[in-house]
Amino acid sequence: MDDDHQRHDALGRFEGVYEAHYRAVTAYARRRTPDSGDAQDVVAETFTIAWRRMAEVPDGDAARAWLYGVARRVLANQRRGNRRRDDLSTRLRSQPAGPAELESELIASDERRTVLTALARLRDSDQEILRLAVWEELPHREIALVVGCSESSVAVRLHRARSRLGREIGKEERRVGHEVPEGPDPGGPGPEGPERRAEGLEQ
Amino acid sequence: MIDLTDPLDRLRAANPVLLTDPALAPPDPLLLHRITTGAVGLRPHPPRRRRGRLVPALAATSLLGGAAAYALLRGEVTQPQNVACYESADLRADTAVVSVYEEGAVAACAELWRRGVIGAGREVPPLVACVLGSGVAGVFPTTPGQDVCSGLDLPPVAPTTVPPPIGPGATSSDPNARVLAFRDAVSAQFVDSPCMDPADGNAIVRRELDRAGLTDWTIRVGRGVSGEGFSAQRPCASLLLLAEDKEVVLVASPRR
């Protein structure tokens with residue numbers, strides 16, 4: 001195959017990936033950053049990396065997981081940069097910027113506020129695995145591709161994260177004076193067994 | 001109904017952005033064009049785009065995308081199709097990437113200043129063009145006596161790199177200027193047509209190539225970038241400019 005055909009093939013593949021997953025990557029970015037401009041930058045950077053590394057982009061649904069993995073790293077870099085910039089801005093202007101701005105844009109109801117506040121209290125890795133499973137609706141196999149772990153580890157980590165989220169939601173509801181819903185303990189043991197055992201597996 | 005005992009159910013209901021959200025824009029053809037022509041990645045630092053800032057497009061040049069990058073003989077601006085307009089003489093400043101037409105890179109950015117896309121309505125300052133590391137011209141505001149390009153450690157754009165306006169039928173000794181003139185002439189006609197017939201497109205391209213003095217260029221009716229040929233689903237001709245190969249490809253595209 002000559003260079004021209006290779007170039008056309010790469011363009012064709014890239015256009016297909018771009019059209020198939022643009023909205024999903026945009027949604028992924030917007031779920032994780034309150035600034036639509038920042039989200040656009042994440043999308044642009046993610047697809048630019050995909051174009052440069054087209055040979056590494058897998059076919060089918062795995063491409064979406066691959067793109068999420070790239071977007072995740074781009075977001076992390078962006079946050080590091082924003083933190084440095086915000087630190088500087090804070091020193092210069094003495095006007096601290098906090099999560100309240102994020103919340104004001106993302107939270108539309110008390111219920112949503114409660115859940116998202118609880119989510120934000122979890123460690124980053126727990127937040128991400130929950131979002132990937134629930135918001136991006138990825139199967140465990142694809143979550144494993146995004147976060148770089150085994151499929152069985154995803155199940156354990158997701159169970160733990162779910163438990164922690166349940167506990168944090170309960171705390172948040174108590175904090176704002178809501179009634180804790182009756183029913184099984186959302187942070188209780190799941191099918192994989194007691195959480196302590198799950199945590200012990202990874203230690 | 002949300003099961004309040006299931007944290008995952010509650011998290012699902014709290015999803016701030018649904019894929020069905022109409023605010024989620026469809027794939028942006030300009031971004032696709034910018035990526036495949038290398039016009040993104042200009043900013044060496046994390047972007048500092050202001051909220052709501054849009055990257056403007058002066059015209060629908062995504063028709064002429066693909067591998068259109070070509071090296072200028074003088075080895076400076078290697079991507080004359082695009083220009084990065086900076087809001088201040090700082091590589092970390094807000095940037096708008098637009099297409100360059102025969103008016104040139106500086107004029108393209110001046111138009112953005114006039115429209116308030118850059119500079120938030122301030123008067124158009126004196127502008128100067130430098131060559132970015134990516135091979136794209138970067139246009140910065142300057143002041144009398146200020147050497148912006150040197151200050152940014154960038155070479156200035158040579159006067160001949162950004163070609164002077166070329167009228168219809170005129171030819172320039174600068175091959176890059178002739179390519180730009182051809183591109184502008186042919187893209188205007190393709191953009192004006194809601195669905196360019198491949199045979200008509202072929203005739204237009206041949207005529208404009210001849211007018212621009214690019215008589216050694218060839219036209220090929222190729223597969224679409226999705227690998228498909230012309231069909232009922234893809235009846236319209238778009239253009240792919242392969243300047244390195246001196247070739248124009250008529251690409252099968254769906255109706256717009």
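Worth saying up front: this structure is predicted, and the values here are computed from it rather than measured.

## Re the overall build of chain B
- A tally of regular secondary structure across chain B gives six helices and seven strands.
- The helix and strand sequence of chain B, counted from the amino end, reads α-α-β-β-α-β-β-α-α-α-β-β-β.
- When contacts within chain B are restricted to residue pairs at least 6 apart in sequence, those whose partners lie at least 24 apart make up 58%.
- Surface summary for chain B: the accessible area is close to 11,300 Å², and the carbon and sulfur share equals 56%.

## Describing the pairing of strand S3 (residues 127-131) of chain B
Residues and elements named next belong to chain B.
- Of all five residues in S3, four are buried, a share of seventy percent or more.
- With five bridges connecting them, S3 and strand S4 (residues 137-141) associate as antiparallel partners. Paired with Ala-129 across the two strands is Val-139, which belongs to S4.

## A few points about the state of the cysteines
All names here are of chain B.
- Applying the stated criterion to the full structure yields three disulfides over all chains.
- Two residues share a disulfide in this structure: Cys-130 and Cys-149, whose sulfurs sit 2.0 Å from each other. Residues Cys-130 and Cys-149 share a disulfide whose torsion about the S-S bond is about -90°; that sign makes it left-handed. You can see Cys-130 sitting in strand S3 and its partner Cys-149 sitting in helix H4 (residues 148-151), a full 19 residues away along the chain.
- For Cys-130, a relative accessible area of 0% corresponds to the buried category.
- Look at Cys-149 and you get buried, because its relative accessible area is 2%.

## Focus: the pairing of S4 of chain B
Residue and element names in this part refer to chain B.
- For S4, a buried count of five out of five residues is recorded, marking the element as mostly surrounded by other parts of the structure.
- Where burial is concerned, the two faces of S4 agree: the one with Ala-137, Val-139 and Pro-141 and the one with Gly-138 and Phe-140 are both buried.
- Here strand S1 (residues 82-86) pairs with S4 via three bridges, running parallel. Bridge pairing links Val-83 to Ala-137 in S4.

## Things to note about the packing of helix H2 (residues 36-52) of chain A against helix H2 (residues 29-36) of chain B
- Relative to each other, H2 of chain A and H2 of chain B sit at 45°, their axes nearing to 10 Å. Accordingly, the angle class assigned to the pair H2 of chain A and H2 of chain B is oblique. Of the two elements, H2 of chain A crosses H2 of chain B, and the hand of that crossing is right-handed. Judged by residue contacts, Val-43, Ala-44, Phe-47, Thr-48 and Trp-51 of chain A of H2 of chain A engage Leu-31, Ile-35 and Thr-36 of chain B from H2 of chain B.
- The class makeup of the residues in the contact of H2 of chain A with H2 of chain B is six nonpolar, two polar and no charged.

## Some points on the pattern of salt bridges
Residue and element names in this part refer to chain A.
- Applying the stated criterion to the full structure yields 21 salt bridges over all chains.
- When the shortest N-O distance is used, the salt bridge between Arg-121 and Glu-172 registers 2.6 Å. Of this pair, Arg-121 sits in helix H5 (residues 110-121) while Glu-172 sits in helix H8 (residues 151-175), and the two are 51 residues apart along the sequence.
- Measuring nitrogen to oxygen at the nearest pair gives 2.8 Å for the salt bridge that ties Glu-172 to Arg-175. Of the two residues, Glu-172 and Arg-175 are both situated in helix H8; the distance of three residues between them amounts to about one turn of the helix.
- Take Arg-175: its relative accessible area is 56%, and that puts it in the exposed class.
- Here the salt bridges share partners, and the residues they tie into one network are Arg-31, Arg-32, Glu-128, Arg-131 and Glu-136.

## Quick word on unusual backbone geometry
- Not every positive phi belongs to a glycine, and Glu-137 of chain A is a case in point at roughly 55°.
- Within the element layout of this structure, Glu-137 of chain A appears in the loop between helix H6 (124-134) and helix H7 (140-147).
- Take Glu-137 of chain A: its relative accessible area is 57%, and that puts it in the exposed class.
- Phi at Asp-153 of chain B takes a positive value of approximately 60°, unusual for a residue other than glycine.
- Locating Asp-153 of chain B in the fold gives a position in the loop between H4 and helix H5 (175-192).

## Topic: the side chain of Glu-208 of chain B
All names here are of chain B.
- Along the chain, Glu-208 turns up in helix H6 (residues 198-211).
- According to the relative accessible area criterion, Glu-208 is buried, its value standing at 5%.
- Among all residues touching Glu-208, those that are not within four sequence positions of it are Phe-182, Ala-185, Val-186 and Gln-189.

What counts and how
Residues numbered from 1 in each chain as written. Chains lettered and ligands numbered in written order. Predicted model: local features only at pLDDT ≥ 70, side-chain atom pairs only at ≥ 80, totals over all residues. Heavy atoms only, no water. Helix = DSSP H or I, 4+ residues; strand = E, 2+ residues; numbered from the N terminus. Contact = heavy atoms within 4.5 Å. Areas by Shrake-Rupley, 256 points an atom, 1.4 Å probe, with all protein chains shown as cover. Buried < 20%, exposed > 50% of the residue type's maximum accessible area, 1.4 Å probe, protein only. Pairing = 2+ DSSP bridges. Disulfide = S-S within 2.5 Å. Axes fitted to C-alpha atoms, helices over the stretch in contact; angles between N-to-C directions. Parallel < 35°, antiparallel > 145°, perpendicular 65-115°, else oblique. Left-handed = near helix turned anticlockwise from the far one by under 90°. Nonpolar A, V, L, I, M, F, W, Y, C, P; charged D, E, K, R; others polar. Salt bridge = Lys/Arg side-chain N within 4 Å of Asp/Glu carboxyl O.

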